[in-house]
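Below, each chain spelled out in residue letters.
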Amino acid sequence: MSPVRVSHLSRGCTDVLCCILFVLALLGYFVVGIVAWSQGDPRKVIYPTDSSGQFLRPRPTCSLKQKKPFLFYFNIMKCASPLVLLEFQCPTTQICVEKCPDRFLTLKKVVSSKNDQDYYKAYCKEGTDLSTTNLLQILKDGLCPAMVIPSRPFTHRCFPALGKNKAGAVVVGNRTVFDDGSDMINSTDLLEGAKLVFVKELRLVAMKIFEDYTRSWYWILLGLVIAMVVSLIFIILMRYLAGIMVWVMIVMAILVIGYGIVHCYMEYARLKQQPGSDITLQDIGLQTDFAVYLEIRQTWLAFMIILCILEVIIVLLLIFLRKRILIAIALIKEASRAIGYVMSSLFYPLLTFALVALVIAYWAITAVFLSTSNEPVYKVFNETDCPHSRETCDPKTFNTSNISAVCPDAQCLFAFYGGETYYHKYLILFQFYNLFLFFWCANFVTALGQVTLAGAFASYYWALKKPDDLPAFPIFSSLGRALRYHTGSLAFGALILSIVQVIRVLLEYLDHKLKGAQNKFAKFLLSCLKCCFWCLEKFIKFLNRNAYIMMAIYGKNFCSSARDAFFLLMRNIVRVAVLDKVTDFLLFLGKLLIVGLVGIFSFFFFSGRIKATEDVGFTLNYYWVPILTVVVGSYLIAHGFFSVYAMCVDTLFLCFLEDLERNDGSMERPYYMPESLLKVLKKRNDAKAVD
């Protein structure tokens, strides 16, 4: 039988039409990005906007605004209007002020008594003279607010200083009722106008989290470097001690989870003596200070139960799959040997990561510029009935227009950002195109990485004399073949997956819109569609991965490779279900071990439970922020290294199945079957060990 040659000699360009389509789509993507960057203005989402549509910047960039960085609402109770939800603008006059008010004052009191006029003028429109203008004319012209109340600045906006007294009543400056000069106002009325209190708390948490990052970023980087070093050492040890390392990995993973169970129990027992720790999570509700949850016994009990379930599942799987683990270890040994000959494969995920990061950055920047490429729209806001209410207006000509004559108390205020041009009308299509190309490009980068690694490892498997018959630079050779011959096929596979992912996004959007609907059949149908497309996405990812391996081996187009891979897997469905998944499970334990070790170390370090870290010199608002960052980052790093292993195992496994079929499944020495796999199969007596 002729040997399989993984090279460019017998290859030709595949799926050329899809390659051309992908290139044209990329050119269109660049055009959309250029148009968005020329039209957009990210300041619209960063800085607040006053009634005239001017930006309020926290940094001194404009001599007029630098001394007045806060937005003050004349009547914040109007922010309770549904208009706020529809047009994202509070229908009351808003001006820039130097600082938020810190006392109760009414316009009536200031005008009549002439006291505190200089203080009150800071919250009126520029040029207002309180000493010569009468009260009614000031209010009619909207020059000053009827009252000012104690407020606090947040996100450069002045919000009422709401609080609660000992009786639990809502107060503003220790008052529950106050006079605005014409009527008595209850402090609870202000609460409706300041519904952003919850958002305020969330943003406050975000600010504290950002503060924690600025204090601990170098220690987070150190933790990620440690995770990378541990992963690299683990991979190198796997090269020489694969069998031993797999068993060490299994035992250590069980011990790490076991330690987590013991620690949760110790915390659970410690809190038994503390008053107030027996309340439930439902009683305390949602808290912005997450440290509160760690002082409740129920939290540690939940952690302990989750870890116990995970431990039992792992132990049961190891017991039932103990016979298959030997064959999986043989496969991992061969993968370790292949990676040892192709060491550059360990660093290829860095290229994939950089390309994916570039795709994400381009998508995010383009999305922001597209969403801020609208023009300011002004509308008529009024106190009384007006036939022109909420109509579009021009602030430059409003005072001389017919609207001001018909509605004397109306004002032309900034409402939102929009536009009437063709560009603005089809802006949603540009956003959709941006999202679709993001999925397509990200999936293409992932596919390129998979076919590159598969080509390198396939050339190892089908080499008669290892490593003499291997190319000088397997990764670069495989990457060159993929880009030269199979760009269209990779784009084709990525396109199919992207279409399914976009449909899933649309279904999630519909689900969000229909949350308040009462039609149970529509909800049920939507849930079924979401479930079906989730399964379809998983299947396509699995099929694409194996199609890319067959493409790397034989150089066929995407459809032929997908067909060959599918039928090969179906003919060996038991082997795939057992051996391949057992190997994935063992590699998952390796990732779990690395994440667990780094996570335990970071927990003791950032929580200050190691005495050696007391002199580090930083305090954190939430010590779980750097811990969670290190844990997630460690998993991504370990996943990057082990994804090379997983791709190597999948490639060798598919080559192994192809090798068995090419040699009629006999147990005689095939052309290319690795010696380690052959020994295990013979030790198991026959091929039933695989089945």
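Residues numbered from 1 in each chain as written. Predicted model: local features only at pLDDT ≥ 70, side-chain atom pairs only at ≥ 80, totals over all residues. Heavy atoms only, no water.

### Description of the confidence of the model for the protein chain
Considering every residue of the protein chain, the mean pLDDT works out to 76; 74% of them sit at 70 or more. Ranking the elements of the protein chain by mean pLDDT puts helix H3 (residues 83-87) last with 39 and helix H1 (residues 16-39) first with 91. Every residue in residues 57-65 is under pLDDT 50, and counting partners more than four places away or in other chains gives 11 contacts. Considering only residues more than four positions removed or in separate chains, one finds that residues 192-198, a stretch of pLDDT under 50, has 10 contacts. (pLDDT = per-residue confidence, 0-100. Helix = DSSP H or I, 4+ residues; strand = E, 2+ residues; numbered from the N terminus. Contact = heavy atoms within 4.5 Å.)

### Brief notes about the packing of H1 against helix H13 (residues 348-371)
Contact geometry of H1 with H13 gives a least axis separation of 8 Å together with a crossing angle of 45°. Comparing the axis directions of H1 and H13 gives the class oblique. Where H1 crosses over H13, the handedness of that crossing is left-handed. On H13, the residues touching Tyr 29, Phe 30, Val 32, Gly 33, Ala 36 and Trp 37 of H1 are Tyr 362, Trp 363, Ile 365, Thr 366, Phe 369 and Leu 370. When the residues that make up the contact of H1 with H13 are grouped by side-chain class, the tally is 10 nonpolar, two polar and no charged. (Axes fitted to C-alpha atoms, helices over the stretch in contact; angles between N-to-C directions. Parallel < 35°, antiparallel > 145°, perpendicular 65-115°, else oblique. Left-handed = near helix turned anticlockwise from the far one by under 90°. Nonpolar A, V, L, I, M, F, W, Y, C, P; charged D, E, K, R; others polar.)

### Some words on the nonpolar core
Core analysis: the biggest nonpolar cluster contains 109 residues, and Phe 234, Val 246, Trp 440, Phe 457, Leu 490, Leu 586 and Tyr 645 have the highest contact counts within it. With 19 residues, helix H16 (residues 427-461) is the single largest residue contributor to this core. With residues up to four places along the chain from it excluded, the contact list for Tyr 645 reads Ile 235, Met 238, Arg 239, Ile 332, Ala 335, Ser 336, Ile 339 and Leu 587. Of all hydrophobic cores here, the second largest spans 19 residues; its members include Ile 95, Tyr 119, Tyr 123 and Cys 144. (Core = buried A, V, L, I, M, F, W, Y, C linked by side-chain atoms within 4.5 Å. Buried < 20%, exposed > 50% of the residue type's maximum accessible area, 1.4 Å probe, protein only.)

### Details of the state of the cysteines
A covalent bond bridging the sulfur atoms of two cysteines is what the word disulfide describes. On inspection of all chains with the given rule, the structure shows one disulfide. Across the disulfide from Cys 124 sits Cys 144; the S-S distance is 2.0 Å. Here the S-S torsion is close to 120°, and the disulfide linking Cys 124 with Cys 144 is therefore right-handed. Of the two residues, Cys 124 sits in the loop between helix H5 (117-121) and helix H6 (135-141) while Cys 144 sits in the loop between H6 and strand S4 (147-148), which places them 20 residues apart along the sequence. A single burial state applies to Cys 124 and to Cys 144, both of which are buried. No disulfide involves Cys 18; its nearest neighbouring cysteine sulfur is the one of Cys 19, lying 8.0 Å away. Accessibility expressed as a relative area gives 11% for Cys 18, which makes it buried. (Disulfide = S-S within 2.5 Å.)

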